[in-house]
Amino acid sequence: MTGGVDCEVAISGGGPVALCLALLLARKGVHVRVFEAEPALGQDLRASTFHPPTLDMLDTLGLATPLIAQGIPCHHWQIRMHPSGDRAVFDLSVLKDDTAHPYRLQCEQWKLSRLIHDSLLAEPTAALHYGHRAVGLSQEDENVRLTVETDTGRETVTARLVVGADGAKGFVRGAIGLALKGETFPENTLLATTTFPFEDHLEGLSNVTYCWKDEGNFALLKVPDRWRVSIYPDETRPLEAQLTDEALDAAMQEIVPNPTGYMVKEMRPYRIHQRIVPTYRKGRVALAGDAAHLNSPVGGMGLNGGLHDAFALSEAILDIVQDGAPLARLDRYDRQRRPVAAEQILAQAGRNRARMRTRDPQKRAEILADLQATTADKVRLRAYLLKSSMIEGLKMAEQVA
C-alpha cells in the first residue's frame with residue numbers, strides 16, 4: 001500500500017457480516033484487513049434463518065448455491081396453537097416473481113462464515129487476522145489508526161476507513177462514542193438443540209414454527225440433523241434453576257412427551273434487546289450488523305439485516321476509495337440502513353415478540369383468525385411476506401438519495 005496507509009479498509013470483527021463485507025470489497029480489488037478477537041472461526045449457536053433477498057444477494061458472490069446445499073429450504077412457515085395444531089401457514093411461493101429464492105433457508109450461520117472465509121483466502125487483497133482484538137482507535141483527517149492486541153503484543157494499523165462489525169459488545173462502537181439506545185426486555189430465552197423428530201409427532205409442522213402454549217410460547221426451527229427449540233422460561237424462577245438437564249427435559253416434555261427423555265446437544269441462554277445507534281457513521285468509521293442494531297430473534301431478521309448492511313456499506317466504501325466520492329457518501333449508507341433497521345427490522349421483530357407473548361386465549365384466537373385470513377388471500381399474503389421477508393425494507397432503502 002502507498003499513501004501512508006497499511007490497508008484501505010480495516011474491519012473489526014470476524015463474523016458473517018464482517019467477512020461478507022471483506023469479500024465484497026476484496027472482489028473489487030480493495031485492500032482490506034479483518035481483525036477478529038477469537039483465535040479461529042466460531043461454530044457457536046447463533047442465527048439460522050436466511051431470507052429470500054439475502055440468498056439473492058449471496059448468489060452474486062457465488063455463495064447461495066453451496067450454502068443452500070448445507071441447509072434446509074423452508075417453503076412455508078407457521079404460527080400455531082399448541083397442542084390443538086390450529087395454525088396459519090405462510091406459503092413463500094407467492095414471492096416467486098419477487099425473488100429467485102422464494103423460501104427461507106434454515107442453515108447455521110457459521111456455515112456461511114466458513115464459506116466466506118474460504119473464499120477470502122483466495123483474494124490477494126484480503127488478509128484475515130485471528131486472535132487480534134481491537135483495543136485502540138484514533139481518527140485523523142485522512143486516515144484512521146486501529147490498534148489491535150495479540151498474544152505477542154500490540155500493532156497499530158493505519159487505514160483509510162474502519163468498520164466496526166464486531167457485535168453488540170464490540171470495541172469500535174464505544175471507541176467512537178456511540179451507544180445502542182433502546183431497551184432490554186426482562187425475559188430470557190433458552191435456545192437448545194435436539195435430534196428428537198418433532199415432525200413425526202406434530203401434524204403438519206413447518207420447518208419454522210412459532211407456537212403458543214398454555215401460559216407461554218416456544219419455537220421450533222429445523223436445521224440439518226436437529227431441531228432448534230426456543231424456550232421461554234418461567235420468569236418467576238431463577239434462570240440457573242432452568243438451565244439444568246432436568247429442567248430442559250421438562251420444558252421439552254411439555255411440547256411432546258418423550259418416555260426416553262430428551263438429549264440436548266447444545267444450549268445457549270440469551271437476553272432479548274431492541275436497540276439501535278443514533279448514527280451508523282462517525283468520521284471515517286462506520287458500523288454494521290449487531291454493532292449497530294439489536295432486535296428480537298423472532299422472525300429471523302438480525303443476521304439478515306447485518307448482511308444487508310454489508311452490501312450497502314460495500315457500495316459506499318467502493319464509491320469513496322475507488323471513485324473518489326467524498327467521505328459524506330457514508331451518510332447515505334446511514335440514511336439507507338438505519339431507518340430500515342428502526343422501522344422495519346426492530347419494529348417488526350418487536351411486534352413478532354409481542355404477538356407470541358400474548359397470553360389471553362381470546363386475543364390469541366383473534367390474532368390467529370386474522371393471520372389465517374391473511375394466508376388465505378394471496379394478495380394480502382404477498383404483501384405480508386414482502387415485509388416479513390425483508391424485501392420491502394430493501395426496496396425502501398433503494399429509494400434513498
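Data block above holds the structure.
Residues numbered from 1 in each chain as written. Predicted model: local features only at pLDDT ≥ 70, side-chain atom pairs only at ≥ 80, totals over all residues. Heavy atoms only, no water.

Novice: Hey, could you run me through the layout of surface pockets in this one?
Specialist: With a probe scaled to a water molecule rolled over the atoms, the places where space remains empty come into view. Of the voids in this model, the second largest pocket is the one considered here, and its volume is about 420 Å³. Residue lining of the second largest pocket: 22 residues in total, with K213, Y232, P233, D234 and Q242 positioned closest to the centre. Elements with a contribution of two residues or more to the lining of the second largest pocket: β12 (181–194), β14 (216–223) and α6 (245–253). For the lining of the second largest pocket, the element with the most residues is α6, which contributes four residues. (1 Å grid on protein atoms, 1.4 Å probe; cavity = no way out; pocket = protein on both sides within 12 Å on 5 of 7 lines; lining within 4 Å. Points joined across faces, edges and corners; volume = space filled by probe spheres on them. Helix = DSSP H or I, 4+ residues; strand = E, 2+ residues; numbered from the N terminus.)

Novice: Explain the packing of helix α2 (residues 52–59) against helix α7 (residues 302–321) to me, please; I cannot follow it from the model alone.
Specialist: Helix-helix packing is described using two parameters, namely the angle between the two axes and the distance between the axes. In the contact formed by α2 and α7, the axes pass within 10 Å of each other and the chain directions differ by 40°. With respect to α7, the element α2 is oriented oblique. Once α2 is placed against α7, the crossing between them reads as left-handed. For the pair formed by α2 and α7, the contact residues are P53, T54, M57 and L58 on the first element and N304, L307, H308 and F311 on the second. Its residues placed into classes, the contact of α2 with α7 shows five nonpolar, three polar and no charged. (Axes fitted to C-alpha atoms, helices over the stretch in contact; angles between N-to-C directions. Parallel < 35°, antiparallel > 145°, perpendicular 65-115°, else oblique. Left-handed = near helix turned anticlockwise from the far one by under 90°. Contact = heavy atoms within 4.5 Å. Nonpolar A, V, L, I, M, F, W, Y, C, P; charged D, E, K, R; others polar.)

Novice: Hey, could you run me through the pattern of salt bridges in this one?
Specialist: Opposite charge on two side chains permits pairing when their charged atoms draw close. Following the criterion strictly, the structure yields 18 salt bridges and no others. Two residues, R380 and D370, come together in a salt bridge whose shortest N-O distance is 3.4 Å. One end of the pair, R380, is in helix α10 (residues 378–388); the other, D370, is in helix α9 (residues 361–376), and ten residues separate them in sequence. Overall, D370 belongs to the partly exposed group, its relative accessible area being 44%. (Salt bridge = Lys/Arg side-chain N within 4 Å of Asp/Glu carboxyl O. Buried < 20%, exposed > 50% of the residue type's maximum accessible area, 1.4 Å probe, protein only.)

Novice: Please explain the environment of P186 as it appears in this structure.
Specialist: Relative to the helices and strands, P186 is located in strand β12. A C-alpha to C-alpha distance of 7.7 Å links P186 and R271, two positions 85 residues apart in sequence. Each residue touching P186, except ones within four places of it in the same chain, is listed here: R271 and R353.

Novice: I keep staring at empty space enclosed by the protein and nothing clicks. Help me out?
Specialist: Applying the stated criterion to the full structure yields three cavities of 30 Å³ or more. The computed volume of the largest cavity comes to approximately 80 Å³. Listing elements by their share of the lining of the largest cavity, those giving two or more residues are α8 (329–356) and α10. Classifying every residue of the lining of the largest cavity by side-chain character gives five nonpolar, three polar and two charged.

Novice: Explanation requested: the sheet that holds strand β5 (residues 76–81) in the structure shown.
Specialist: In any sheet, the strands associate via hydrogen bonds between backbone groups, in a parallel or an antiparallel arrangement. One open sheet accounts for eight strands, arranged β6-β5-β13-β14-β15-β12-β16-β19; its pairing is mixed. Here the strands that pair on one side only, and so sit at the sheet edges, are β6 (87–91) and β19 (293–294). Against the sheet, α9 engages β5, β6, β13 (208–213) and β14, with an angle of about 30° to β6. Sitting on the sheet, α10 is in contact with β5 and β6, with an inclination near 75° to β6. (Pairing = 2+ DSSP bridges.)

Novice: Teacher, can you tell me more about the nonpolar core here?
Specialist: What tends to happen in soluble globular proteins is that the nonpolar side chains get buried as a cluster. Counting 79 residues, the largest nonpolar core has V9, I11, F50, L67, L313 and I317 as its most contacted members. Here I317 is in contact with V9, L21, L25, L161, V163 and Q322, once residues within four sequence places are set aside. Counting 29 residues, the second largest nonpolar core, distinct from the first, contains L45, W77, A88 and Y232. (Core = buried A, V, L, I, M, F, W, Y, C linked by side-chain atoms within 4.5 Å.)

Novice: Would you explain the sheet that holds strand β4 (residues 72–74) in this entry?
Specialist: With respect to topology, three strands assemble into an open sheet ordered β3-β7-β4, the strand pairing being antiparallel. Two strands bound the open sheet, and with one partner strand each, they are β3 (49–50) and β4. Here two bridges tie β3 to strand β7 (residues 104–106), and the two strands are oriented antiparallel to one another. Its bridge partner lying in β7, F50 is registered against L105.

All we've got here are geometric facts, nothing functional implied.
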